[in-house]
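Report on the structure
The chain contents come next:
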Amino acid sequence: MTSSEQEQLWNGPSGQAWVASQALLDQVLAPFETLLVEAAAARSPRRLLDVGCGTGSTTLALARRLGTSARCVGIDISEPMLALATARAQREGSRAEFVRADAQTHAFEPATMDMVVSRFGVMFFDDPVAAFANLRRASTGDAALRLIAWRNAAENPFMTAAERAAAPLLPELPTRNPDGPGQFAFGSATRVHAILEASGWTGADVRPIDVECAFPASELDAYLTRLGPVGRVLQDADEATRARIMQTIRPAFDPYIRGADVRFVAASWMISAG
Ligand SMILES: C[S@@+](CC[C@H](N)C(=O)[O-])C[C@H]1O[C@@H](n2cnc3c(N)ncnc32)[C@H](O)[C@@H]1O
């Protein structure tokens with residue numbers, strides 16, 4: 001998949017799904033936001049970049065926590081997601097700024113960012129080495145990089161349960177490519193180390209973190225009908241097809257239901273470099 005295909009996805013079905021699911025996804029991913037906000041507060045950066053900031057939750061939380069001493073900028077390729085981020089910033093009177101651009105090629109002012117963070121926003125580059133070299137150029141010599149990314153698909157069965165269950169009905173679903181742009185592109189620590197080293201970042205530490213995520217079980221159907229490869233198919237499916245696929249995949253999520261909640265462990269990396 002090329003960068004422009006990613007651009008189409010995030011400006012099309014994936015972007016729309018994230019906008020429609022913003023409150024739910026921010027609830028699911030809140031523990032990661034806390035980790036990044038704590039990491040930033042410990043460094044007190046003056047200029048911070050949030051890469052692939054999406055609908056803005058992490059950028060806004062960082063701006064709230066760092067206050068007037070820091071300039072927090074979110075960059076993202078998705079127009080609908082940034083429109084929501086900007087509206088949220090206006091609503092809460094935030095100083096956070098948002099830029100619509102491809103972080104891989106954007107002409108950042110050189111050597112200005114003293115911290116670069118991301119919550120699951122760096123796995124979608126067509127050329128990750130070029131992207132991270134671009135982020136390195138945008139950063140000061142002693143800048144800190146703190147990224148959250150998914151470990152591999154096998155370690156994240158919740159994330160692939162829908163496509164495994166739906167496979168007999170949807171044989172044409174795209175397979176996950178561990179080296180291509182996509183959710184699990186940073187699944188291999190060896191690959192992450194190689195990307196960071198080749199792009200000029202030093203002292204990389206790729207640490208596994210297992211984070212429990214939760215959301216109300218009443219939101220599970222909304223989650224499944226919008227998100228991930230099966231959700232993308234269901235967005236365009238007729239009523240009967242959607243019902244048939246939902247009936248097939250729904251039992252695969254029974255093991256994740258705990259009382260009124262859906263709970264799963266997000267097998268992720270906390271990636272640090274300088
Ligand atoms: C999984 S979402 C994460 C969004 C946000 N960080 C969050 O945690 O809610 C990935 C984000 O990366 C953005 N993205 C993908 N490719 C990008 C690129 N080349 N430059 C900037 N943003 C990109 C997408 O538009 C999307 O908003």
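What counts, and at which threshold
Residues numbered from 1 in each chain as written. Predicted model: local features only at pLDDT ≥ 70, side-chain atom pairs only at ≥ 80, totals over all residues. Heavy atoms only, no water. Buried < 20%, exposed > 50% of the residue type's maximum accessible area, 1.4 Å probe, protein only. Helix = DSSP H or I, 4+ residues; strand = E, 2+ residues; numbered from the N terminus. Right-handed = clockwise from strand over helix to strand, strands pointing away. Pairing = 2+ DSSP bridges. Contact = heavy atoms within 4.5 Å. Salt bridge = Lys/Arg side-chain N within 4 Å of Asp/Glu carboxyl O. Near = heavy atom within 4 Å. Polar contact = N/O pair within 3.5 Å; in protein donor to acceptor, adjacent residues only side chain to side chain. Areas by Shrake-Rupley, 256 points an atom, 1.4 Å probe, with all protein chains shown as cover. Phe/Tyr/Trp six-rings, centres within 6.5 Å; stacked < 30°, edge-to-face > 60°. Lys NZ or Arg CZ within 6 Å of the ring centre and 35° of its normal. 1 Å grid on protein atoms, 1.4 Å probe; cavity = no way out; pocket = protein on both sides within 12 Å on 5 of 7 lines; lining within 4 Å. Points joined across faces, edges and corners; volume = space filled by probe spheres on them. Nonpolar A, V, L, I, M, F, W, Y, C, P; charged D, E, K, R; others polar.

1. Concerning the pairing of strand E1 (residues 47-51)
Within a regular strand, the side chains alternate between the two sheet faces. Within E1, four of the five residues are buried, which leaves the element mostly enclosed by the surrounding structure. You can see the chain leave E1, run along helix H5 (residues 57-66) and come back into strand E2 (residues 71-76), and the turn it takes is right-handed. Pairing of E1 with strand E4 (residues 113-119), which is carried by three bridges, proceeds in the parallel orientation. Counterpart to Leu-49 in the pairing with E4 is Val-116.

2. What about the environment of Val-51?
Turning to its location among the elements, Val-51 is positioned in strand E1. In this structure Val-51 comes out as buried when scored by relative accessible area, which is 1%. For the pair Val-51 and Leu-147, spaced 96 residues apart in sequence, the C-alpha separation works out to 9.0 Å. Not counting residues up to four positions away in its chain, the partners in contact with Val-51 are Ile-75, Ala-103, Val-116, Val-117, Ser-118, Gly-121, Val-122, Phe-125 and Leu-135.

3. Some thoughts on the pattern of salt bridges
Under the definition given, this model contains 16 salt bridges. The salt bridge partner of Arg-71 is Glu-97, with a shortest N-O separation of 2.8 Å. You can see Arg-71 sitting in strand E2 and its partner Glu-97 sitting in strand E3 (residues 97-100), a full 26 residues away along the chain. The structure contains a network of salt bridges with shared partners spanning Asp-26, Glu-33, Arg-88 and Arg-119.

4. So, the site of the ligand
What surrounds the ligand is a group of 17 residues, the closest being Gly-52, Asp-76, Asp-102, Ala-103 and Arg-119. With respect to the ligand, the backbone of Gly-52 contributes an N or O atom lying 2.7 Å from a nitrogen atom. Contacts to the ligand include Asp-76, whose side-chain N or O atom sits 2.6 Å from an oxygen atom. Protein burial of the ligand: of its 590 Å² of free accessible surface, 98% is covered by the chains.

5. Describing the packing of aromatic side chains
Between two aromatic rings, the relevant description is the distance of the centres plus the angle of the planes. All chains considered together, the criterion is met by 12 aromatic pairs. Ring plane angle 15 degrees and centroid distance 5.3 Å describe the contact between Phe-215 and Tyr-223, whose orientation is recorded as stacked. Connected via pairs of aromatic rings, a cluster forms that spans Phe-158, Phe-215, Tyr-223, Phe-253, Tyr-256 and Phe-264. Above the face of the Trp-201 ring, Arg-136 is positioned so that its terminal group lies 4.3 Å from the ring centre. Of note, Arg-151 hangs over the ring of Trp-269, and the distance from its end group to the ring centre comes to 5.6 Å.

6. So, empty space enclosed by the protein
Tallied over the entire structure, the rule returns one cavity of 30 Å³ or more. Estimates place the volume of the largest cavity at around 40 Å³. Taken together, Val-122, Met-123, Phe-125, Pro-128, Asp-179, Gly-180, Pro-181, Ala-185, Phe-186 and Arg-191 make up the full set of residues lining the largest cavity. Residue composition of the lining of the largest cavity, by class: seven nonpolar, one polar and two charged.

7. Details of helix H7 (residues 128-138)
Buried residues dominate H7, accounting for eight of its 11 residues. Contacts made by the buried residues of H7 are with E1, E4, strand E5 (139-150) and helix H9 (189-198).

8. A look at the pairing of E3
Sheet analysis places E2 next to E3, joined by four bridges and oriented parallel. Bridge pairing links Val-73 to Glu-97 in E3. For the segment spanning E2, helix H6 (residues 79-91) and E3, crossover handedness is right-handed.

That is the geometry; function is a separate question.
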